[in-house]
Amino acid sequence: MKIITLEEHYSDQRIMDANRAFQGERPKMTPEQEEAMKFLMSRAFPGPELLDFDARLQYMDENRIDMQVLSFTTPVTDAVPAQDAVRICRQANDITKQHMEEHPDRFAGFASLPMADPKAAAEELERCVKDLGFVGTMLAGRQKGRFFNEAEFLPVFEKAAGLHVPVYFHPALIPMDVQQSNYMSDAYSYIVGSEFASAGYGWHSEVGIQIVRMILSGIFDRLPELNFICGHWGETIPCFLDRMDAILDQSITGLQKTISEYYREHVYITPSGILSTDQLEYIVKRMGADHVLYAVDYPYLKPDNVYEFLTESSLTQEEIELIAHKNAERLLNL
Ligand code: CA
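Residues numbered from 1 in each chain as written. Predicted model: local features only at pLDDT ≥ 70, side-chain atom pairs only at ≥ 80, totals over all residues. Heavy atoms only, no water.

The next subject is the overall build of the chain. Scanning the chain from terminus to terminus reveals 16 helices and 7 strands. Here the chain has a C-alpha radius of gyration of 19 Å; the compact-globule value for 334 residues is 20 Å, and the two agree. With the C-alpha coordinates aligned to their principal axes, the bounding extent of the chain is approximately 50 × 50 × 45 Å. Here the chain, with 334 residues, has 54% of them falling under the buried criterion. Across the chain, the fraction of contacts at a sequence separation of at least 24, relative to all contacts at a separation of at least 6, is 79%. Surface exposure of the chain reaches about 15,000 Å², of which carbon and sulfur atoms provide 51%. Positive and negative side-chain charges of the chain, numbering 30 and 51 respectively, have mean locations separated by a distance of 4 Å. (Helix = DSSP H or I, 4+ residues; strand = E, 2+ residues; numbered from the N terminus. Rg over C-alpha atoms; globule rule 2.2 N^0.38 Å. Buried < 20%, exposed > 50% of the residue type's maximum accessible area, 1.4 Å probe, protein only. Contact = heavy atoms within 4.5 Å. Areas by Shrake-Rupley, 256 points an atom, 1.4 Å probe, with all protein chains shown as cover. Lys, Arg positive; Asp, Glu negative; His and termini not counted. Charge placed at Lys NZ, Arg CZ, Asp CG, Glu CD.)

What follows covers the packing of helix H9 (residues 202-216) against helix H13 (residues 259-266). Packing of H9 against H13 brings their axes to within 10 Å, and their N-to-C directions diverge by 110°. The angle between H9 and H13 places the two elements in the roughly perpendicular class. Here the hand of the crossing between H9 and H13 comes out right-handed. Residues Ile 211, Ile 215 and Leu 216 of H9 lie in contact with H13, whose contacting residues are Ile 259, Tyr 262 and Tyr 263. Here the residues of the contact of H9 with H13 are counted per class, giving 6 nonpolar, no polar and no charged. (Axes fitted to C-alpha atoms, helices over the stretch in contact; angles between N-to-C directions. Parallel < 35°, antiparallel > 145°, perpendicular 65-115°, else oblique. Left-handed = near helix turned anticlockwise from the far one by under 90°. Nonpolar A, V, L, I, M, F, W, Y, C, P; charged D, E, K, R; others polar.)

Reference values for coordination geometry: four tetrahedral donors around a metal ideally subtend 109.5 degrees, six octahedral donors ideally subtend 90 or 180 degrees. Every protein donor of the calcium ion is listed here as Glu 7 (OE), His 9 (NE2), His 170 (NE2) and Asp 297 (OD), and their distances to the metal cover 2.1 to 2.3 Å. Sequence positions of the donors to the calcium ion reduce to the motif E-x1-H-x160-H-x126-D. Within this pair, whereas His 170 is found in strand S5 (residues 167-170), its partner Asp 297 is found in the loop between helix H14 (277-287) and helix H15 (306-311), the two being separated by 127 residues in sequence. The exposure class of His 170 is buried, given its relative accessible area of 17%. (Donors = N, O, S within 2.8 Å, 3.2 Å for Na, K, Ca; no water.)

This brings us to the nonpolar core. Core analysis: the biggest nonpolar cluster contains 78 residues, and Phe 157, Phe 169, Ile 219, Leu 226, Phe 228 and Tyr 263 have the highest contact counts within it. Take this core: its biggest share by element is 6 residues, from helix H6 (residues 154-163). Residues contacting Leu 226, with those up to four places away along its chain left out, are Phe 157, Ala 160, Ala 161, Val 167, Ile 219, Phe 220 and His 266. Val 69, Ala 108, Ala 328 and Leu 331 belong to the second largest nonpolar core, which has 16 residues in total. (Core = buried A, V, L, I, M, F, W, Y, C linked by side-chain atoms within 4.5 Å.)

Quick look at the structure:
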């Protein structure tokens, strides 16, 4: 059985160097913040494995992964001015394309987009899909604190809908004021608060909110061809859809459909390497097996039961094949 995974990150020294030039423009951190950041990076950042394609291919072979959809790990940041973000994203996408060319049946690509300049981002998405053969884009977090449902970002979503490629929403560090008010406390350490605000919960919750904001903004009434991908089993939203339908009903949203109808129609869910059988069964029941895709989050996570997790699950062979590769082939036009 073929396996295609969709949230697989890599990096490249040239892009890391290009980004480093702008580090001085980031807001200054307190010593406590710096210490927490160092700790988080040492625990979570896989460093050399992001760069090592031999190790990557070996991991894929060992786990019977036929194809990874590559994404650059946070290629541009808030700190990079728009014109430089455009240049760095183009370079990152060209490097992704080189990896695809070296191993055409092992790698596909999600575009990195300079969201600081949404018009340029839409153009870059078109270049990536039409000229480089990419299969969609991955957006991280927010842009300078702004969620992507705001009007200035519409050109990117119009372009994705027009090109029939999905947008994968990935977490990133959340704004400092939200971190401070929602996650930090005198009752536990700064490091605990920082983990709570990021991979422990906070940045996942932000991605869930991001997608609901897109729905509430009427994006799918405007662009019925548009599709999203959401990792980490839906970033907390699937279990809350009933409540949202009841409270955020059409009499107040003025939308053509209920929130859960948009969600089930336009959102595709991946595990992002959280290989929990309970979650798999729940999400297949909630979303239908035709809206579940596979993702490992390599090299941040490297589970060694990628194949067995699906084949030894309680799902039917047909459902397993959909999740392992058929849905990806359809959605990504592979
Ligand atoms: Ca990831």
